[in-house]
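Residue strings, one per chain:
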Amino acid sequence: MTDPYEPDHDPEETMADRAAAEIKGMAKQGMAHPGTKPMLTGMAIGAVAAAVLPVLTIPVGVVGGAAIALWQRVKR
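What you see is a predicted model; the values in this text were computed from it and never measured. (Residues numbered from 1 in each chain as written. Predicted model: local features only at pLDDT ≥ 70, side-chain atom pairs only at ≥ 80, totals over all residues. Heavy atoms only, no water.)

1. A look at the side chain of Glu-22
Here is step 1: Of note, Glu-22 is situated in helix α1 (residues 15-29).
Here is step 2: Taking the relative accessible area as the measure of exposure, Glu-22 reaches 14% and is therefore buried.
Here is step 3: When sequence neighbours within four positions are dropped, the list of residues in contact with Glu-22 reads His-33, Gly-35, Leu-70 and Arg-73. (Helix = DSSP H or I, 4+ residues; strand = E, 2+ residues; numbered from the N terminus. Buried < 20%, exposed > 50% of the residue type's maximum accessible area, 1.4 Å probe, protein only. Contact = heavy atoms within 4.5 Å.)

Structure follows, in structure tokens:
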């Protein structure tokens with residue numbers, strides 16, 4: 001049974017397909033895309049966390065923060 005409040009998703013669409021579509025949309029639309037600001041926020045949080053932790057470098061923190069933000073956006 002399907003939930004009428006759940007958005008329709010293609011059952012053949014994988015999470016990688018959704019992530020690729022999200023990244024392409026951000027690349028084409030820039031700051032107008034609704035996923036750009038959460039992604040930039042995740043990158044900033046990752047950079048601050050990497051600056052505080054002695055084990056991580058800032059580029060690793062930026063990439064990690066971006067990955068977590070993308071994951072949160074795509075898993076819905």
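2. Notes on a nonpolar patch on the surface
Here is step 1: A cluster of nonpolar residues, Val-48, Val-52, Leu-53, Val-55, Leu-56 and Val-60, forms a patch on the protein surface that exposes about 570 Å² of accessible area.
Here is step 2: Summarising the element assignment, Val-60 is placed in helix α3 (residues 58-74). (Patch = residues over 30% accessible without salt bridge, like charges linked within 9 Å, V, L, I, M, F, W, Y side chains within 5 Å. Areas by Shrake-Rupley, 256 points an atom, 1.4 Å probe, with all protein chains shown as cover. Salt bridge = Lys/Arg side-chain N within 4 Å of Asp/Glu carboxyl O.)

3. Observations regarding α1
Given 3.6 residues to a turn, an α-helix orients residues that are three or four positions apart in the same direction.
Here is step 1: Look at α1: 21 Å from first C-alpha to last across 15 residues, which is about the 21 Å you get at 1.5 Å a residue.
Here is step 2: Residues of α1 that are buried: Ala-19, Glu-22, Gly-25 and Met-26. Down the axis, α1 shows its buried residues gathered within 125 degrees of arc, on one side only. Residues of α1 that are exposed and angled more than 90 degrees away from the buried face: Ala-16, Lys-24, Ala-27 and Lys-28.
Here is step 3: Tucked into the core, α1 has its buried residues touching α2 (36-52) and α3.
Here is step 4: Downstream of α1 by one or two residues, Gly-30 has phi in the positive range, about 65 degrees. (Expected span 1.5 Å × (residues − 1). Arc of directions from axis to C-beta.)

4. Re the pattern of salt bridges
Here is step 1: For the coordinates displayed, the defined rule picks out 1 salt bridge.
Here is step 2: With its nearest N and O atoms 2.5 Å apart, the salt bridge here joins Arg-73 to Glu-22. Taken together, the residues Arg-73 in helix α3 and Glu-22 in helix α1 connect sequence positions 51 residues apart.

5. Brief notes about α2
Here is step 1: Here α2 is 17 residues long and its end C-alpha atoms lie 25 Å apart, about the 24 Å a rise of 1.5 Å per residue gives.
Here is step 2: All of the buried residues in α2 are Thr-36, Met-39, Gly-42, Gly-46, Ala-47 and Ala-50. Considered in projection along α2, the buried side chains sweep an arc of 135 degrees and stay on one side of the axis. Exposed residues on α2 whose side chains face more than 90 degrees from its buried face are Lys-37, Ile-45, Val-48, Ala-51 and Val-52.
Here is step 3: Along its buried surface, α2 packs onto α1 and α3.

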